[in-house]
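Geometric and topological summary
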Amino acid sequence: MRVVVGTENPAKVKGVERAFKKFFDDVKIFKRAVNPEVSPQPFDEETITGAINRAKKAYSDDFDFSVGVEAGLFKTRRTLSGYIDFQVACVYDGEKFTIGFGPGFEYPRKVVEEVLKGKEVGEVMEKVSGIKDLGEKMGAIGFLTRRKVERSDLTEIAVTMALIPWLNRELYEL
């Protein structure tokens, strides 16, 4: 099986590979830089759109599936900061796509305040953590959980959730 990921981010690529290898034999993962055509820091529905756009733009007939992964902040009143970060995955076969979410977590209020002023989460978290290119390594979640959960883990779960309909085609009429 040939799968292309609509990013060159190593943490995302690693998570996609782990998810597909749970269910399929002989998986080969490729990466392709694409423009998701969303804001550098997506919020709410725009996060889902970014994942879909990444998957669709990465796809070609050379692949069985393409995958898009986008992280974004979703507004909610019931948190300390008013937002939860989710990683959203889209799995696309050239005709149909499916969506999955990874576990959500909250950033410190001071991080969200800076993001609401126009900065990207990655930029703010690099400053907080002191780790350059944090998003391509363990991710903010790795820093916040003391490396017990990393960005590749969130990606793996989001992609696994997006794969559920493909694993149960008869139930989802795919």
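Residues numbered from 1 in each chain as written. Predicted model: local features only at pLDDT ≥ 70, side-chain atom pairs only at ≥ 80, totals over all residues. Heavy atoms only, no water.

What about the sheet that holds strand S1 (residues 2-5)?
Read across the sheet, 5 strands follow the order S2-S1-S3-S4-S5 without closing on themselves; strand pairing throughout is mixed. Pairing within the sheet leaves two strands with one partner each, and these edge strands are strand S2 (28-31) and strand S5 (97-101). Recorded for the sheet is a direction-independent mean angle of 25° between the axes of neighbouring strands. The sheet strands contacting helix H2 (residues 45-58) are S1, strand S3 (65-75), strand S4 (83-92) and S5, and the helix crosses S3 at an angle near 165°. (Pairing = 2+ DSSP bridges. Helix = DSSP H or I, 4+ residues; strand = E, 2+ residues; numbered from the N terminus. Axes fitted to C-alpha atoms, helices over the stretch in contact; angles between N-to-C directions. Contact = heavy atoms within 4.5 Å.)

Side note on the packing of helix H1 (residues 10-23) against helix H6 (residues 151-167)
For any two helices packed against each other, the geometry is given by the interaxial angle and the distance between the axes. H6 packs onto H1 with a crossing angle of 40° between their chain directions and a minimal axis gap of 7 Å. In this view, H1 runs oblique relative to H6, as classed from their interaxial angle. Note that H1 runs across H6; the crossing there is right-handed. In this structure, H1 contributes Ala11, Lys12, Lys14, Gly15, Val16, Arg18, Ala19, Phe20, Lys22 and Phe23 to the contact, and H6 contributes Arg151, Ser152, Asp153, Thr155, Glu156, Val159, Thr160, Leu163 and Leu167. Here the contact of H1 with H6 is composed, by residue class, of 8 nonpolar, 4 polar and 7 charged. (Parallel < 35°, antiparallel > 145°, perpendicular 65-115°, else oblique. Left-handed = near helix turned anticlockwise from the far one by under 90°. Nonpolar A, V, L, I, M, F, W, Y, C, P; charged D, E, K, R; others polar.)

Some thoughts on the packing of aromatic side chains
Evaluation of the coordinates by the stated rule reveals 10 aromatic pairs. Aromatic side chains Phe74 and Phe86 sit 5.5 Å apart centroid to centroid with 80° between the ring planes, which places their arrangement in the edge-to-face category. Of this pair, Phe74 sits in strand S3 while Phe86 sits in strand S4; the two residues are 12 residues apart in sequence, bridging distant segments of the chain. Accessibility expressed as a relative area gives 14% for Phe74, which makes it buried. Phe86 sits in the partly exposed class, given a relative accessible area of 23%. Ring pairing ties together the aromatic residues Phe20, Phe24, Phe65 and Trp166, which thus form one cluster. (Phe/Tyr/Trp six-rings, centres within 6.5 Å; stacked < 30°, edge-to-face > 60°. Buried < 20%, exposed > 50% of the residue type's maximum accessible area, 1.4 Å probe, protein only.)

Here we look at the environment of Gly68
Note that Gly68 resides in strand S3. Apart from residues no more than four positions distant in its own chain, Gly68 is found in contact with Ala51, Arg54, Ala55, Val88, Ala89 and Cys90.

Re the pattern of salt bridges
This model, assessed by the stated rule, comprises 10 salt bridges. For the salt bridge of Lys119 with Glu114, the shortest nitrogen-to-oxygen distance reads 3.2 Å. Overall, the relative accessible area of 24% leaves Glu114 in the partly exposed class. Between Glu150 and Arg147 there is a salt bridge, with its nearest N and O atoms 2.8 Å apart. A relative accessible area of 17% places Glu150 in the buried class. When its relative accessible area of 51% is taken as the criterion, Arg147 is described as exposed. Through salt bridges with shared partners, a single ionic network connects Arg18, Lys22, Asp153 and Glu156. (Salt bridge = Lys/Arg side-chain N within 4 Å of Asp/Glu carboxyl O.)

Purely geometric numbers; function is a separate question.
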